[in-house]
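Observations on the three-dimensional arrangement
One letter stands for each residue in the lines below.
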Amino acid sequence: MLAERGNNLEIISSVLSSYAYHINFQAHRNLQDEAKGAEDSLLDVVNLAYNCNFMNLNNLEKNFPGIDWRAGNNGIGLQVTTTKTWKKISSTIDTIIRNKIDCEKEIWFLFISNGKYSPKQKHYNGYTIKSITISDLLDQISCLSDLNILELKNDILIKLKAWTFDRYTTPTSSYVYNSYSAPQSDLKNFITHHDLWNSLGN
């Protein structure tokens with residue numbers, strides 16, 4: 001069970017990190033469509049990881065002002081973004097206030113970015129600020145139960161299939177098998193995965 005948990009966490013980490021890198025790369029090229037897609041792709045992941053019930057408000061109203069997700073009708077609001085700046089945080093909260101958005105006085109920011117980020121202030125104009133990066137999300141996921149981690153892995157492999165690798169459809173290490181013998185699947189794939197070609201000689 002411990003080996004399976006580690007394998008599932010490895011898959012989740014690799015896929016989410018690759019996804020964040022790609023989304024940032026696209027955003028820097030001013031290609032925002034895929035960044036918008038993150039609003040749907042990561043919704044269930046965040047809900048399970050943080051035990052929340054966020055809904056995508058842009059499915060109700062296109063370009064919903066200020067926030068992308070909200071817990072219930074007037075709960076915590078969340079903005080999904082690739083922009084890790086104080087200006088982005090402050091302007092988001094200003095938009096919420098200006099449009100009189102019904103939500104709690106706590107706004108979460110999901111930064112589609114690897115690494116950590118801490119805004120210079122934890123409060124602005126009466127709102128509490130919570131910052132989450134992909135690294136923070138992975139830390140939170142690592143605290144979940146084995147069953148929840150398995151559920152997340154399966155969900156991620158479906159929704160983020162473009163950022164997965166063929167090796168994630170089979171165990172990543174030979175110790176997962178009942179023995180160290182080659183599996184019954186394609187022998188060439190097994191040899192390539194374990195980098196055994198050089199040891200075979202000519």
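Note that the structure is predicted; figures quoted are calculated from it, not measured.

The next point concerns the pairing of strand S4 (residues 106-111). When you tally the buried positions in S4, you get five out of six residues, the bulk of the element. As paired strands, strand S3 (residues 77-81) and S4 are joined by five bridges and run parallel to one another. Looking at the pairing, Leu 78 lines up with Trp 108 of S4. Handedness of the crossover joining S3 and S4 through helix H4 (residues 86-98): right-handed. Of the strand pairs in this sheet, S4 and strand S6 (residues 127-133) are connected by six bridges, and their pairing is parallel. Within S6, the residue paired with Trp 108 across the bridge is Lys 130.

In this section: the nonpolar core. Leu 16, Leu 42, Phe 54, Trp 69, Leu 110, Leu 137 and Ile 141 are the most contacted members of the largest nonpolar core, which totals 33 residues. When residues of this core are traced back to their parent elements, those giving at least two are helix H1 (2-28), helix H3 (43-50), strand S2 (69-71), S3, S4, helix H5 (134-141) and helix H6 (146-159). Considering every element that reaches this core, the biggest residue donor is H1, with seven residues. The residues contacting Ile 141, other than those within four sequence positions of it, are Leu 9, Ile 12, Leu 16, Val 45, Ala 49, Ile 149 and Leu 152.

Rules used in this analysis
- Residues numbered from 1 in each chain as written.
- Predicted model: local features only at pLDDT ≥ 70, side-chain atom pairs only at ≥ 80, totals over all residues.
- Heavy atoms only, no water.
- Buried < 20%, exposed > 50% of the residue type's maximum accessible area, 1.4 Å probe, protein only.
- Helix = DSSP H or I, 4+ residues; strand = E, 2+ residues; numbered from the N terminus.
- Pairing = 2+ DSSP bridges.
- Right-handed = clockwise from strand over helix to strand, strands pointing away.
- Core = buried A, V, L, I, M, F, W, Y, C linked by side-chain atoms within 4.5 Å.
- Contact = heavy atoms within 4.5 Å.

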